[in-house]
Amino acid sequence: MTSLTVLLVLALITLAIIIVSSRDMLAAVIFFSAYGLVMALVWQQLGAPMLALAEIVIESGIISVLFVVAVFRTSKDDAE
Amino acid sequence: MRKLGSFLFLTLIGLFLLLTVLEMPIMGDPANPSNTVTTPRYISEGARETNCKNLVSAIMLNYRSYDTMGEMVAIFTVLAAALAILGREKAKRGLSPLKVEPSPLIKITMVIYIPFFIVFACYVAINGCYSVGGGFQGGVILASVIIIFALIFGFDEAVKKFPASKRVFFEGLAVLYFMLLGLMSLFVGGNFLNLNLFGSPVRKLFTLGLEIGIGLTSGITIASLFYILKKVERE
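Please read these numbers as outputs of a predicted model, since none were measured by experiment.

Caption draft 1: The interface of chain B and chain A, seen in detail. Every contact between the two is made by 21 residues of chain B and, on the other side, 13 residues of chain A. A combined buried area of about 1500 Å² lies between chain B and chain A, and 84% of that area is made up of carbon and sulfur atoms. Taken together, chain B and chain A are joined by 0 salt bridges. Listed by contribution, the elements that provide at least two residues to the side of chain B that touches chain A are α4 (55-63), α7 (135-153) and α10 (200-234) of chain B. Top contributing element to the side of chain B that touches chain A by residue count: α10(B), with 7 residues. Here the side of chain B that touches chain A is composed, by residue class, of 12 nonpolar, 5 polar and 4 charged.

Set out below in structure tokens:
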């Protein structure tokens, strides 16, 4: 458990609180993507590079895109 | 009163769950059943028995290939459910131009980058046995290439390049391919998905084939999900 890991975990907790308390859906999705990146770094620190790669690709990349599409689809303000 | 009742109920459930957690083996204890029964065998014999340097891939594709097949079926079910509820985009439809034309800089950059993305995806999928990565990650990277293309050149262009008729073929093939590959081991007298009886070179080929099957399933599922969602957005 290095100091970097502690820092990353603190960042994760902060990001999670931001995501849950955010009123703006789009902001929440973008913070969720950032959460995925930090989580991938944590996996790498814990010695699981394969999981880190999957985390970056899926959570930060694909899930964010799908969520953005879903947000634009469901919220009235953005759908014109 | 109802609030108090629900609060008490939730507290009770929480206490029950916490008690259950206390009964579980302590994480990281060397005397845990998970650390004494199968894991030592995987670590000491896995690399030799499976010819895979990446132990995660070795376990996933050999010892746990049934589980992997179950995952593929689960992913396929997700795709089938999304298709059943939301449906495909219509084939005959007037092209709707993009609301904002992307700058030529982005387009040309992507035209140069996309081949490298595809090569990287194939590298990650094929080298799953020897380095970080695997079929799942490679397939998802490949799907992200399709999504990037659709975001920059427009959804209609993406539909033209990768129409629904082609997607149906790959979606159907994805799980079927995995199962057919598993059936191959019946011909040499083994059980379903048991690749132990093949010689080393054939076995390597089969492992590669399974990786490609996983990549195909995950990639086509995510790409199709994106198409389905975008189609709903346009209506």
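Caption draft 2: Summary view of the packing of aromatic side chains. Under the definition given, this model contains 10 aromatic pairs over all chains. Relative to A:Tyr35, the ring of A:Phe32 has its centre 6.4 Å away and its plane inclined at 5 degrees; by these criteria the two rings are stacked. You can see A:Phe32 and its partner A:Tyr35 sitting in helix α2 (residues 25-45), 3 residues apart, about one turn around the helix. Looking at A:Phe32, the relative accessible area reads 23%, which means it is partly exposed. Taken together through their ring pairs, the aromatic side chains of B:Phe155, B:Phe162, B:Phe169, B:Phe170 and B:Tyr227 make up a single cluster. The lysine or arginine in question, B:Arg167, covers the ring of B:Phe162, its NZ or CZ lying 6.0 Å from the ring centre. Taking the ring centre of B:Tyr227 as reference, the NZ or CZ of B:Arg167 above it sits at 3.7 Å.

Caption draft 3: Here's a closer look at α2(A). All names here are of chain A. If you check α2, its first and last C-alpha atoms are 30 Å apart, about what 21 residues at 1.5 Å a residue would give, namely 30 Å. Within the sequence span of α2, burial applies to Ala28, Val29, Ser33, Gly36, Val38, Met39, Ala40 and Val42. With a side-chain oxygen lying 3.3 Å from the backbone nitrogen of Leu26, the N-terminal cap of α2 falls on Asp24. Backbone geometry just downstream of α2 places Gly47 in the positive-phi region, at approximately 85 degrees.

Cut-offs used in this document
- Residues numbered from 1 in each chain as written.
- Chains lettered and ligands numbered in written order.
- Predicted model: local features only at pLDDT ≥ 70, side-chain atom pairs only at ≥ 80, totals over all residues.
- Heavy atoms only, no water.
- Contact = heavy atoms within 4.5 Å.
- Buried area = accessible area lost by both parts, 1.4 Å probe.
- Salt bridge = Lys/Arg side-chain N within 4 Å of Asp/Glu carboxyl O.
- Helix = DSSP H or I, 4+ residues; strand = E, 2+ residues; numbered from the N terminus.
- Nonpolar A, V, L, I, M, F, W, Y, C, P; charged D, E, K, R; others polar.
- Phe/Tyr/Trp six-rings, centres within 6.5 Å; stacked < 30°, edge-to-face > 60°.
- Buried < 20%, exposed > 50% of the residue type's maximum accessible area, 1.4 Å probe, protein only.
- Lys NZ or Arg CZ within 6 Å of the ring centre and 35° of its normal.
- Expected span 1.5 Å × (residues − 1).
- Polar contact = N/O pair within 3.5 Å; in protein donor to acceptor, adjacent residues only side chain to side chain.

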